[in-house]
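# Descriptive structure summary
What follows is each chain in one-letter form.
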Amino acid sequence: MSESFPRLSARTRRFTLGVPRGFTISPDGGKVVFLRTKSGTDPVTCLWELDTETHVERLVIDPRTLDADDGDLPPEERARRERSREQAGGVVGYSTDSSVTRAAFALAGGLYVTDLPNGDTRRLETPGAVIDPRISPDGQRVAYVSGGALRVHTLATGDDHALAEPESPTVTYGLAEFIAAEEMDRMRGHWWSPSSDALLVERADEAPVHTWHIADPANPDRPATAQRYPAAGTPNAVTQLFVLGVDGSRVAVPYEDEYLTTAAWSSHALSIVTMSRDQKSLRLFAVDPATGVSTLVREDTDPAWVDVVAGVPAHLDDGSLVWVAAADGGNRLFVGDRAVTPPTLQVRAVLDVDHDSVLFSASGDPTEIQLWTWDGRSLLPVSTRSGVFSGRMSGGVGVLTEQSLDAEGVSTTVVRRDGMAIPIPSLAERPGLDLRVSLGRSGRRDLSTAVVLPSWHEQGSRKLPVLMDPYGGPHAQRVLNRRGGYLESQWFAEQGFAVIVADGRGTPGRGPAFERAVLNDLATPPLEDQIDALQGVAEQYPDDLDLTKVAIRGWSFGGFLAALAVLRRPDVFHAAVAGAPVTDWRLYDTCYTERYLGHPDEQADVYDNSSLFGDAAKLERPLLLIHGLADDNVVAAHTLRLSSALLAAGRQHSVLPLSGVTHMTPQEVVAENLLLLQVEFLKRSLGV
């Protein structure tokens, strides 16, 4: 008997195991280094190398041969993986020198260095568990964090010493603080100089951040975990920057803004980007590493908020700045002071700069993410088919990843300078589902919508109960032209539902105005747009949707939206499954929440209108709340407090607590049975 979809999805970490990722191209384009597990059910990530001349793929590092127990991770590394949503084990990250001949990585808290040409690997002696090792551009030293200290190991001599040690238990050097990692996608806190003789290092002090305690009630013998959590309106960690020389020198790099969004150190400049607490101002500085003096290069402002875009700042060979900013109604690529993309092309990220060419991703149609290059004179499309693309570029060689509705999984291709294409195979498992997904626009606002029907359903033959399956929150998108985004939705459809996935206001791909429509209200526009999409699809499929049986499910913001739907619009929604929902935005973090709702002390009514507690007495539909008790992102207090409010109002509801489970729910048995329990609840609630 073949394995069920819920079991296979759980074992494969939602079919991500076996997919190549984490690409590095050598400057001459001769080799591509990447990560991949050995099969679609193997959770141990290995390091591989592809020779672009011979087309030969070689296994460089298999963690199983290094006798390291990946289950024994330091707490800081577990937290880093939770922030990056890393679900696999083994070599989940690595760094290389500038010539891509030597790599460094951490495994089970140990520090390893490998010579890529021959695969020789050695473990380096360190005084403690290692976090985020970064090898110097010349390949002679490795910087890493251990016990909150930023240390440097010299490979030739074995000398290992701290460049900066924490002055108190709340201080770390070289690590990204919680907000940077969770909300700004900055996963690092130290950067080597191009000359390998110094590092830019973040010092973070969490002393001002309020302490929360995350307990596991299923194991009362275990003490609660103390966590510094910067909830909306409360203090953030205090961050500072220093240029630390390997010779022991120390130069402060002062800045005034609340947030350090990113940093970059190239041969052209040491750059830092900072953002104000209200997130209406983003400033780019060039720093003199000898003195720490910063010069303002660019400032972007917005009456709603400014966006932090991946891959910038960067520079062309002639020193021209590469930047992305909102202008003239679009998110545009700038080279120097000139916008080189039209406002109708929404730039998502800068992926690489190769001499005078910029590789970037952008959307014309919001359901597509295409690749483009700017070569100094004109825009050139790199991807030519419909789908979702990403990539890298160096030495004239490109790596393209492609997903679409027409093919399963992720396709990866290396394109040489002569145009020859070399595939890097994906070893991911096949989901075994017959997808029936239709992308289109629906409703009064022409919302991007996916309609997922059972593979066995004959259109017009009967009306199906409806399941809305959104995320629906800002800066995240579900309606994209890729099969992998609809696997769970299709499985729910196979259980007898017509599933609708809709991206409402706040989601990316349609320009700044569409995204900023949720300013000061995270409840009304997203909920209105789910209803708008539902009604629009019902008009398109009048004989296939039963609007007397409409359910909604979601996780995180989607969980908030699901609970909101049955509380505020029981006339439309008849049951909801809310997983890890944000129920009171005062309990969520500073950066995310204040971006959209402002400071709670200044806009209390805005927070009240976007939270769920005031609606508890309105519940008249079945509601299942699911929450991991070990969740350190959306803490379980969200669900528990809503449950208390519902109980106080005498409103029946169900709560499913998950002992030891975080926001990701990576455990196989948990992930599998969550799907089965949701289907059972929805069918019972709708009378199906």
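Just above sits the structure.
## So, the overall build of the protein
In terms of regular secondary structure, the protein is built from 11 helices and 44 strands. Overall size of the protein, expressed as C-alpha extent along the three principal axes, is 70 × 55 × 55 Å. Partitioning the intrachain contacts of the protein with sequence separation of at least 6 by distance along the chain shows that 59% fall at a separation of at least 24. If you sum the accessible surface of the protein, you get close to 26300 Å²; carbon and sulfur atoms cover 49% of it. Positive and negative charge centroids in the protein, built from 64 and 92 side chains respectively, lie 4 Å apart.

## Section: the pattern of salt bridges
Considering all chains together, one arrives at 42 salt bridges under this definition. A salt bridge links Arg586 to Asp608; its shortest N-O distance comes to 2.9 Å. You can see Arg586 sitting in the loop between strand 42 (575-579) and helix 8 (590-597) and its partner Asp608 sitting in helix 9 (residues 604-610), a full 22 residues away along the chain. In the salt-bridge network here, residues are joined through shared partners; they are Arg14, Asp469, Arg478, Glu488 and Arg553.

## So, the side chain of Asp584
Residue position: Asp584 is located in the loop between strand 42 and helix 8. A polar contact of 3.3 Å, which involves the side chain of Asp584, links it to the side chain of Ser611. Apart from the residues within four sequence positions on either side, Asp584 is in contact with Ser611, Phe613 and His638.

## Observations concerning empty space enclosed by the protein
Overall, the coordinates contain 2 cavities of 30 Å³ or more when judged by the stated rule. Lining of the largest cavity is provided by Glu177, Phe178, Ile179, Glu206, Val209, Pro230, Asn236, Ala237, Thr239, Glu258 and Tyr259. Here the lining of the largest cavity is built from residues that sort into 6 nonpolar, 2 polar and 3 charged. Estimated volume of the second largest cavity: approximately 60 Å³. If you trace the second largest cavity, you find it lined by Thr261, Thr262, Val273, Leu282, Asp307, Val308, Val309, Val312 and Trp323. Looking at the lining of the second largest cavity, its residues break down into 6 nonpolar, 2 polar and 1 charged.

## A look at the sheet that holds strand 24 (residues 294-301)
One open sheet accounts for 4 strands, arranged 21-22-23-24; its pairing is antiparallel. Here the strands that pair on one side only, and so sit at the sheet edges, are strand 21 (259-265) and strand 24. When the angles between neighbouring strand axes are averaged without regard to direction, this sheet yields 20°.

## Concerning the packing of aromatic side chains
For the structure on display, the rule yields 17 aromatic pairs. Judged by centre distance (5.4 Å) and plane angle (5°), the ring pair of Phe105 and Tyr112 falls under stacked. No difference in accessibility class separates Phe105 from Tyr112, as the two residues are buried. Feature note: the residues Trp305, Tyr471, Phe557, Phe560, Trp585, Tyr588, Tyr592 and Tyr596 constitute an aromatic cluster, connected by ring pairs. Directly above the ring of Phe242 sits Arg250, whose terminal nitrogen or CZ lies 4.2 Å from the centroid. If you follow Arg298 out to its NZ or CZ, it ends over the ring of Phe334, 4.6 Å from the centre.

## Re the sheet that holds strand 6 (residues 95-96)
Pairing within the open sheet is antiparallel, and its 4 strands lie in the order 6-7-8-9. Unpaired on one side and paired on the other, strand 6 and strand 9 (120-124) mark the two borders of the sheet. Where strand 6 lies against strand 7 (residues 102-107), 2 bridges are found, and the strand directions are antiparallel. The residue of strand 7 that forms the bridge with Ser95 is Ala104.

## Some words on helix 11 (residues 668-686)
If you check helix 11, its first and last C-alpha atoms are 28 Å apart, about what 19 residues at 1.5 Å a residue would give, namely 27 Å. Ala671, Glu672, Leu674, Leu675, Gln678, Val679, Phe681, Leu682 and Leu686 are the residues of helix 11 that are buried. One or two residues past the end of helix 11 sits Gly687, with phi positive at roughly 70°.

## Observations concerning the packing of helix 4 (residues 487-494) against helix 11
Contact geometry of helix 4 with helix 11 gives a least axis separation of 11 Å together with a crossing angle of 45°. When the axes of helix 4 and helix 11 are compared, the pair comes out oblique. For the crossing formed where helix 4 meets helix 11, the hand is right-handed. Residues Glu488, Trp491 and Phe492 of helix 4 touch helix 11, and the partners they reach there are Leu675, Leu676, Gln678, Val679 and Leu682.

## Focus on the pairing of strand 3 (residues 44-51)
Counting buried positions over the 8 residues of strand 3 gives 7, a clear majority of the element. Relative to strand 3, strand 2 (residues 31-37) runs antiparallel, the two sharing 7 bridges. Opposite Val33, over in strand 3, you have Glu49 as the bridge partner. In this structure, the hairpin formed by strand 2 and strand 3 is closed by a connection of 6 residues. Summarising the sheet, strand 3 and strand 5 (residues 89-90) pair through 2 bridges and their orientation is parallel. Its bridge partner lying in strand 5, Thr45 is registered against Gly90. Linking strand 3 back to strand 4 (residues 57-61) in an antiparallel pair, the connection comprises 5 residues, with His55 at a positive phi of about 70°.

## Brief notes about unusual backbone geometry
Between Val312 and Pro313 the backbone carries a cis peptide bond, its omega angle lying at 10°. The residue Pro313 is located in the loop between strand 24 and strand 25 (314-315) in this model. The phi dihedral of Asp328 is positive, around 55°, even though this residue is not glycine. Examined against the element boundaries, Asp328 turns out to sit in the loop between strand 26 (321-327) and strand 27 (330-335). You can call Asp328 exposed: its relative accessible area is 63%. Unusually for a residue other than glycine, Ser556 sits at a positive phi of about 65°. Relative to the helices and strands, Ser556 is located in the loop between strand 41 (545-555) and helix 7 (557-568).

Rules and cut-offs
Residues numbered from 1 in each chain as written. Predicted model: local features only at pLDDT ≥ 70, side-chain atom pairs only at ≥ 80, totals over all residues. Heavy atoms only, no water. Helix = DSSP H or I, 4+ residues; strand = E, 2+ residues; numbered from the N terminus. Contact = heavy atoms within 4.5 Å. Areas by Shrake-Rupley, 256 points an atom, 1.4 Å probe, with all protein chains shown as cover. Lys, Arg positive; Asp, Glu negative; His and termini not counted. Charge placed at Lys NZ, Arg CZ, Asp CG, Glu CD. Salt bridge = Lys/Arg side-chain N within 4 Å of Asp/Glu carboxyl O. Polar contact = N/O pair within 3.5 Å; in protein donor to acceptor, adjacent residues only side chain to side chain. 1 Å grid on protein atoms, 1.4 Å probe; cavity = no way out; pocket = protein on both sides within 12 Å on 5 of 7 lines; lining within 4 Å. Points joined across faces, edges and corners; volume = space filled by probe spheres on them. Nonpolar A, V, L, I, M, F, W, Y, C, P; charged D, E, K, R; others polar. Pairing = 2+ DSSP bridges. Axes fitted to C-alpha atoms, helices over the stretch in contact; angles between N-to-C directions. Phe/Tyr/Trp six-rings, centres within 6.5 Å; stacked < 30°, edge-to-face > 60°. Buried < 20%, exposed > 50% of the residue type's maximum accessible area, 1.4 Å probe, protein only. Lys NZ or Arg CZ within 6 Å of the ring centre and 35° of its normal. Expected span 1.5 Å × (residues − 1). Parallel < 35°, antiparallel > 145°, perpendicular 65-115°, else oblique. Left-handed = near helix turned anticlockwise from the far one by under 90°.

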